[in-house]
Amino acid sequence: MCLAIPGKVTQIEVKDGIRMGRVLFGGIARQACLDFVPEAKEGDYVMVHVGFAISVVDQDEAERTYALLESMGVLADELSPEEVVPPKA
Amino acid sequence: MKYLDEYRDAKIAHGLAAEIRRRSTKPWVLMEICGGQTHTLVRYGIDDLLGNSVELVHGPGCPVCVTPLEMIDRAIALARRPEVTLLSYGDMLRVPGSGSDLFHAKAEGGEVRVVYSPTDAVQLARTRPDRKVVFFAIGFETTAPAHAMAVLQAAKLGLKNFSLLVSHVLVPPAIRVLLASPKNRVEGFIAPGHVCTVVGCQEYQELVKEFHVPIVVGGFEPVDLLEAINMLVAQLEEGRVGMENQYTRSVQYQGNQPAREAVARVFEISDRKWRGIGSIPLSGLRLKQEFAAFDAERIFDLAEVRAEEPSECISAEVLLGHKKPTDCPAFGARCSPEKPLGAPMVSTEGACAAYYQYRRHVAAV
């Protein structure tokens, strides 16, 4: 539960006064709140925990961590794939 | 080790392990706090790889494991109310309370749902004004900012049908209990990297000063953990005591300021009971009076519940690092993830489940 998953911010918008990002985790896209990482911009990699980005990380590190978490089979638990955000056209 | 060889940085990991074995003159007893770290250590056989240079004991950092039975019983009681929709994280639904679990409450007709984020719960409350949406908010410092934001968002939206059932605990008070125990054997700690990403390192620096014990903030990959262990062994062998940060790619000394501010705005520190450990003063969070309208325990009339742990379960000893899961006579025999006696066997972050999953029960028989 205290795992954070690295993903890439592909789009940022403000919804109901909250800064939200579309974050790509491998093939899965999810919305994540970016209010705790005001420095994050599109193209950055963030560590996401229960729908909130908690830090900005280096791209290489992020990709390596993602591959490891995927191989450990823990992403399904953390990302709950039944609620995947459909990719926008 | 067969597990570690599957890891792409196996060479670096083996190099670090060799360095630790070379450096260590006695089997230093080290504890990783976080259940996610326990999972990596056992999954990759890191404890075996280090031989008798280090003894790794597993800490209480599994939020599902330390959520008291009474809180689970309260969640189940809420889920059984016809007007309530109860939401939480997946692991929480499988944990047995004193008589049942949330999955059974769902099977009996209760509206229980798994969500990925507390914001999903706010969204549901918004679209379903006919339902009283309760989010079972458990966890450590990592999860608290998300729960705080959910409350702030609900307040901003003027929602009257959203509340949290809060069972929040904090890591440092539990470490204090461990270190103050006459049974303590732990000589160095790996602090939880994502907790520290949020709260920073200062509290851990204070623990180092207070107890003269080395602490290294560590990440979650095999190489992170081996590096953190190497840093601890270096301190211990050189007679140094300090707070060091291995997980610099995510953790800054001051933590995440906006996240800390959100938590401070919504929550206040309170006493909390830990499953298997008991009540620890000032070891958790509760909603401030200002946010009482979002506090399920104040909104709903929840009867005082007293619950007893199954007598055979040694989860307290396991959570405090006094015993290993395989020291339990029920392990793998009368207790398994399918039929758990206690929470550490249920949660994917529990030490017993990690040992079971990676077949340590074979060795124990």
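Rules used throughout
- Residues numbered from 1 in each chain as written.
- Chains lettered and ligands numbered in written order.
- Predicted model: local features only at pLDDT ≥ 70, side-chain atom pairs only at ≥ 80, totals over all residues.
- Contact = placed C-beta atoms within 7 Å.
- Helix = DSSP H or I, 4+ residues; strand = E, 2+ residues; numbered from the N terminus.
- Nonpolar A, V, L, I, M, F, W, Y, C, P; charged D, E, K, R; others polar.
- Pairing = 2+ DSSP bridges.
- Axes fitted to C-alpha atoms, helices over the stretch in contact; angles between N-to-C directions.
- pLDDT = per-residue confidence, 0-100.
- Core = buried A, V, L, I, M, F, W, Y, C linked by C-beta atoms within 7 Å.
- Buried ≥ 20, exposed ≤ 12 C-beta atoms within 10 Å, placed from the backbone.

1. Structural notes on the interface of chain B and chain A
A common measure of how large an interface is: the accessible area buried when the components associate.
Stage number 1. Between chain B and chain A, the residue contacts involve 37 residues of the former and 27 residues of the latter.
Stage number 2. Mapped onto the side of chain B that touches chain A, the elements with two or more residues apiece are helix H3 (35-43), helix H5 (63-66), helix H7 (90-94), helix H9 (118-127), helix H10 (144-157), helix H12 (193-199) and helix H15 (257-266) of chain B.
Stage number 3. In terms of residues, the side of chain B that touches chain A owes the most to one element, H10 of chain B, which gives 5 residues.
Stage number 4. Of the residues contributing to the side of chain B that touches chain A, the split by class is 17 nonpolar, 14 polar and 6 charged.

2. Considerations on the sheet that holds strand S10 (residues 267-274) of chain B
Residues and elements named next belong to chain B.
Stage number 1. Read across the open sheet, the 6 strands follow the order S4-S3-S5-S6-S11-S10; overall the sheet is mixed. Strands with a single pairing partner mark the edges of an open sheet, and in this sheet they are strand S4 (111-114) and S10. Recorded for the sheet is a direction-independent mean angle of 25° between the axes of neighbouring strands.
Stage number 2. With 7 bridges connecting them, strand S5 (residues 132-139) and strand S6 (residues 162-169) associate as parallel partners. By the bridge assignment, isoleucine 138 is partnered in S6 with serine 167.
Stage number 3. Strand contacts of helix H6 (residues 69-79): strand S3 (84-88), S4, S5 and S6, with the helix running at about 140° to S3, the strand carrying the most contacts.
Stage number 4. Where H10 meets the sheet, it contacts S5, S6, S10 and strand S11 (278-287), and its direction lies at approximately 160° from that of S6.

3. What about the confidence of the model for chain B?
Stage number 1. Residue-level pLDDT values for chain B average 91, and 96% of them are 70 or greater.
Stage number 2. The complex model carries a pTM of 0.91, and its ipTM stands at 0.89.

4. Here's the deal with the nonpolar core
Stage number 1. Phe52 and Ala53 of chain A together with Ala75, Leu86 and Phe136 of chain B are the most contacted members of the largest nonpolar core, which has 147 residues in total.
Stage number 2. The greatest single-element share of this core, amounting to 9 residues, is contributed by helix H14 (residues 222-238) of chain B.
Stage number 3. Beyond its immediate chain neighbours, meaning those up to four positions away, alanine 53 of chain A contacts Gly21, Ala32, Cys33, Leu34, Phe36, Val37, Ala40, Val46, Met47 and Val48 of chain A.

5. Concerning the pairing of S11 of chain B
Side-chain positions along a regular strand alternate between the two faces of the sheet.
Residue and element names in this part refer to chain B.
Stage number 1. Two elements, S6 and S11, share 2 bridges in a ladder whose sense is antiparallel. Among the inter-strand pairings, histidine 168 is bridged to a residue of S11, identified as leucine 285.
Stage number 2. Across 7 bridges, S10 lies against S11 in antiparallel orientation. If you follow lysine 273 over to S11, its bridge partner there is serine 279.
Stage number 3. The hairpin turn running from S10 into S11, its antiparallel successor, is 3 residues long, and glycine 276 in that turn takes a positive phi close to 85°.

6. Considerations on the sheet that holds strand S2 (residues 54-61) of chain B
Residue and element names in this part refer to chain B.
Stage number 1. The 5 strands are arranged S2-S1-S7-S8-S9 in an open sheet whose pairing can be described as parallel. The open sheet terminates on both sides in strands that have one partner only, identified here as S2 and strand S9 (243-245). Between one strand axis and the next, the sheet turns by 25° as a mean value, whatever way the strands run.
Stage number 2. Docked against the sheet, helix H13 (residues 202-211) engages strand S7 (188-192), strand S8 (215-218) and S9, running at close to 155° with respect to S8.
Stage number 3. Packed on one face of the sheet, H14 meets strand S1 (28-34), S2, S7, S8 and S9 and runs near 170° to S8.

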